[in-house]
Amino acid sequence: MILGNINIIGNNEPVNIRVCNGKIADITPVSSKNKTGHLQLTFDDAITFPGLINSHDHLDFNLFPQLGNKKYHNYTEWGKHIHKTYKDEIAAVLKIPGLLRAEWGIYKNLLCGVTTVVNHGEKSGLKNELITVFEESQCLHSVHFEKNWKIKLNNPLKRDLPVNIHVGEGDDWLSFREIDHLIQYNLLKRKLIGVHGVSMSAMQAEKFEALVWCPESNYFLLDKTAPVDELAKHTKILFGTDSTLTGSWDIWEHLKLARKTKLLTDEELYAAMNQNAANTWQLNTGSINEGKDADLVVAKQPAGKKGLDAFFALTPADILLVIHKGEIRLFDQAMLPQLQPIELDNYSKVFITGACKYVKGDLPALIKMIKAYQPDVNFPADINELVPL
Ligand SMILES: [Zn+2]
């Protein structure tokens, strides 16, 4: 497959990208003669960037509405409050089998151009080929909610796996101290990847391989976020959405909020979504270079914007194409004339704020199955499987 006449974010001249056997085979100037590929796609005013890496989500929690109605001091206070106040709402979603909920969690990510998601929690058991669900870390919930966390942390059989744990999700002493506890009991000096770190200090950050920043979730719960401007000097910053319990389904909204804080430069925030994450999770993706996995997103270039300004202005409706390991997982209706040679039977139609997308697999059937368990379930209002809005 060749993606022709396309602008890589950060480059000045459009290029042709050739994809072969799931990898980026070569990147050549538009003027050079194309090698033949099975499928040649040509674009006008389109940008491309590596498939996004969402470093924190709970795939099976993405049918919950946002739960919480005040500013909390830490995650334990929030957890206790929602289990008491929203008992019925929680029970209604839990009626839907976890595997179906997790399948929807995958589509939530794919529709936004995420090609790798780090799933926090028990192994999902999903047989999915749509995007990469990264589960090769040891997930501990948190110091306060994970039973026997000290024993699990110091399990010598797991010492080569990174530890993926919520830390410092609060603005109080308890949240600050739990980070010290975690560091103190990391006797095997395992790689720690913290999530949230709202109360994390620079000195604590030194002890972490990386921190996953989830600003939208933090503002919703705590009206405060991690001081990533400072922390970025001491550890790698990655980016995560967390689930819809605490934020929008749409990662682009999370990114716009993150950018508004001005805590990271545009380049740093961009790297949090790709290179920093790929390095931390040791994935052969996260940049557009020869030999990397062909995880690519192509989008319409927003009018009058270039480079990272164009990137951060995007919405899911602007996405023209999502490629994961060289396979087309999603495309916009506008691409249909060029995509006639591919087998369309394996795709289904969905409308995002009125824009028609084709996604791999049967998304309407999944939505139907989920609604059979729970007719009132909250799918995002801007996603519609039947008719254009
Ligand atoms: Zn989480």
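Scroll up to find the structure this text is about.
None of the values given here were measured: they were computed from a predicted structure. (Residues numbered from 1 in each chain as written. Predicted model: local features only at pLDDT ≥ 70, side-chain atom pairs only at ≥ 80, totals over all residues. Heavy atoms only, no water.)

**With respect to the coordination of the zinc ion**
For the zinc ion, the protein coordination sphere consists of H56 (NE2), H58 (NE2), H166 (NE2) and D242 (OD), at 2.1 to 2.8 Å. The coordination sphere of the zinc ion comprises four donor atoms, whose angles at the metal cover 81 to 174°; the geometry is irregular. Of note, the zinc ion draws all its donor residues from one chain, in the sequence arrangement H-x1-H-x107-H-x75-D. On the criterion of sequence distance, the pair formed by H58 in the loop between strand 6 (52-57) and helix 1 (75-85) and H166 in strand 10 (residues 163-167) is long-range, its members being 108 residues apart. (Donors = N, O, S within 2.8 Å, 3.2 Å for Na, K, Ca; no water. Tetrahedral: all angles 85-135°; square planar, octahedral: opposite > 155°, others 65-115°. Helix = DSSP H or I, 4+ residues; strand = E, 2+ residues; numbered from the N terminus.)

**Focus: the nonpolar core**
Core analysis: the largest hydrophobic core is formed by 84 residues, its most contacted members being F49, W104, L111 and W252. The contacts of F49, once residues within four sequence positions are left out, are I9, W252, Y270, I288, D295, L296, V297, A299, F311 and L314. Membership of the second largest hydrophobic core comes to 28 residues, among which are L3, I17, V19 and L321. (Core = buried A, V, L, I, M, F, W, Y, C linked by side-chain atoms within 4.5 Å. Buried < 20%, exposed > 50% of the residue type's maximum accessible area, 1.4 Å probe, protein only. Contact = heavy atoms within 4.5 Å.)

**Some details on the pairing of strand 17 (residues 347-352)**
Burial within strand 17 is extensive, with five of its six residues counted as buried. Across six bridges, strand 17 lies against strand 18 (residues 355-360) in antiparallel orientation. Directly across from V350, in strand 18, lies its bridge partner K357. Here strand 17 folds back onto strand 18, and the loop between the two strands holds two residues, one of which, T353, carries a positive phi near 40°. Relative to strand 19 (residues 383-384), strand 17 runs antiparallel, the two being bridged by two bridges. Bridging from a neighbouring strand, F351 pairs with N384 of strand 19. (Pairing = 2+ DSSP bridges.)

**Structural notes on helix 7 (residues 215-222)**
For helix 7, the buried fraction is high: six of the eight residues fall into the buried class. Here helix 7 has its buried residues at P215, E216, S217, N218, L221 and L222. One or two residues past the end of helix 7 sits D223, with phi positive at roughly 55°.

**Quick word on the packing of aromatic side chains**
Evaluated as defined, the whole model comprises 14 aromatic pairs. Here W104 and F379 contribute two aromatic rings whose centre-to-centre distance is 5.0 Å and whose plane-to-plane angle is 85°, an arrangement assigned as edge-to-face. Here W104, found in helix 3 (residues 98-110), pairs with F379, found in the loop between helix 13 (363-373) and strand 19; they are 275 residues apart in sequence, far enough to count as distant. We note that W104, like F379, is buried. With centroids separated by 5.8 Å and ring planes inclined at 35°, the aromatic side chains of W173 and F176 adopt a geometry described as tilted. On the criterion of helical spacing, the pair formed by W173 and F176 is a turn pair, its members being three residues apart in helix 5 (residues 173-184). Residue F176 is classed as partly exposed on the basis of its relative accessible area of 25%. Clustering of aromatic rings is evident, with ring pairs tying together F49, W252, Y270, F311 and F312. Stacked on the ring of Y185, the Lys or Arg K150 has its end atom at 4.1 Å from the ring centre. (Phe/Tyr/Trp six-rings, centres within 6.5 Å; stacked < 30°, edge-to-face > 60°. Lys NZ or Arg CZ within 6 Å of the ring centre and 35° of its normal.)

**Some details on the pairing of strand 14 (residues 296-300)**
Burial runs high along strand 14: four of the five residues are buried. As paired elements, strand 14 and strand 15 (residues 319-324) share four bridges and run antiparallel to each other. Of the residues in strand 15, the one forming a bridge with V297 is V322.

**Quick look at the state of the cysteines**
A full pass over the atoms with the stated rule returns zero disulfides. Residue C356 stays outside any disulfide, its sulfur separated by 17 Å from that of C112, the closest cysteine. For C356, a relative accessible area of 4% translates into the label buried. (Disulfide = S-S within 2.5 Å.)

These figures come from the coordinates and say nothing about function on their own.
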